[in-house]
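Each chain, letter by letter, is given below.
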Amino acid sequence: MDAKAPFDHTPGACRARDILERIGDKWSLYVISQLGGGTKRFTELKREIDGISQRMLTVTLRGLERDGIVTRTMYPVMPPRVDYALTDLGGTLLDAVSALITWGDTHLDEIDTARARYDARVERVEAFEPPHEVAR
């Protein structure tokens, strides 16, 4: 192995890939970020994470709980009360997650401009391409 590349980061060999897929999706990033402010109830998280469905929040929380990033505490009261919080392990992700969200917010205008340029370029190219023939 090369001294400059001490770790094998090919997709098949990188065990971290599984966890990166979990924490790298957009909903997990927002859940971790919201729980960084302290324990929250499901309804609080749903209200604070714009655009997430109840089902997607449930799936995301279960995955994060399975990976040891979030804890779920259920209280035997009526109506049932369930709290979610970051574990110590989850807390170690907070700086990285916050940095990613901040980066996205900071560069929204630049990304929108780049997307518009790209889309306009692709539209021009597609306008001059002959139609694709359907194979028979």
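Quick note: structure is the one above.
Fair warning: this is a prediction, and the values are worked out from it, not measured in the lab.

Caption draft 1: Focus on the pattern of salt bridges. For the structure shown, the criterion picks out three salt bridges. A salt bridge links lysine 40 to glutamate 48, with the nearest nitrogen and oxygen atoms 2.9 Å apart. Judged by its relative accessible area of 14%, lysine 40 is buried. Here aspartate 83 ties to arginine 81 by a salt bridge, and the two come within 2.9 Å at their closest N and O atoms. With relative accessibility at 34%, the residue arginine 81 sits in the partly exposed group.

Caption draft 2: Broad picture of the side chain of serine 28. Along the polypeptide, serine 28 turns up in helix α2 (residues 26-35). Looking at serine 28, the relative accessible area reads 1%, which means it is buried. Polar contacts involving the side chain of serine 28 include one to the main-chain carbonyl oxygen of arginine 22, which spans 2.9 Å. Excluding residues within four positions of it along the chain, serine 28 makes contact with Arg22, Ile23, Thr60 and Leu64.

Caption draft 3: Structural view of the nonpolar core. Counting 21 residues, the largest nonpolar core has Ile32, Leu61, Ile69, Val70 and Tyr84 as the members making the most contacts within it. Elements represented by at least two residues in this core include exactly α2, α3 (42-48), α4 (54-66), β3 (81-86) and α6 (94-106). Tallying contributions element by element places α2 first for this core, with five residues. Setting aside chain neighbours within four positions, we find tyrosine 84 in contact with Leu35, Thr39, Lys40, Phe42, Leu45, Leu61, Val70, Thr71 and Arg72.

Caption draft 4: Main features of the packing of helix α1 (residues 16-24) against α2. With their axes 5 Å apart at the nearest point, α1 and α2 run at an angle of 70° to one another. Classified by the interaxial angle, the pair formed by α1 and α2 is roughly perpendicular. Two secondary-structure elements touch here, α1 through Arg22, Ile23 and Gly24 and α2 through Lys26, Ser28, Leu29 and Ile32.

Caption draft 5: Focus on the sheet that holds β3. Taken in spatial order, the three strands make up an open sheet running β1-β3-β2, and their pairing is antiparallel. Every other strand in the sheet has two partners, leaving β1 (40-41) and β2 (70-75) as the edge strands with one partner each. Inspection of the sheet shows β1 paired to β3 by two bridges, in the antiparallel sense. By the bridge assignment, lysine 40 is partnered in β3 with tyrosine 84.

What counts and how
Residues numbered from 1 in each chain as written. Predicted model: local features only at pLDDT ≥ 70, side-chain atom pairs only at ≥ 80, totals over all residues. Heavy atoms only, no water. Salt bridge = Lys/Arg side-chain N within 4 Å of Asp/Glu carboxyl O. Buried < 20%, exposed > 50% of the residue type's maximum accessible area, 1.4 Å probe, protein only. Helix = DSSP H or I, 4+ residues; strand = E, 2+ residues; numbered from the N terminus. Polar contact = N/O pair within 3.5 Å; in protein donor to acceptor, adjacent residues only side chain to side chain. Contact = heavy atoms within 4.5 Å. Core = buried A, V, L, I, M, F, W, Y, C linked by side-chain atoms within 4.5 Å. Axes fitted to C-alpha atoms, helices over the stretch in contact; angles between N-to-C directions. Parallel < 35°, antiparallel > 145°, perpendicular 65-115°, else oblique. Pairing = 2+ DSSP bridges.

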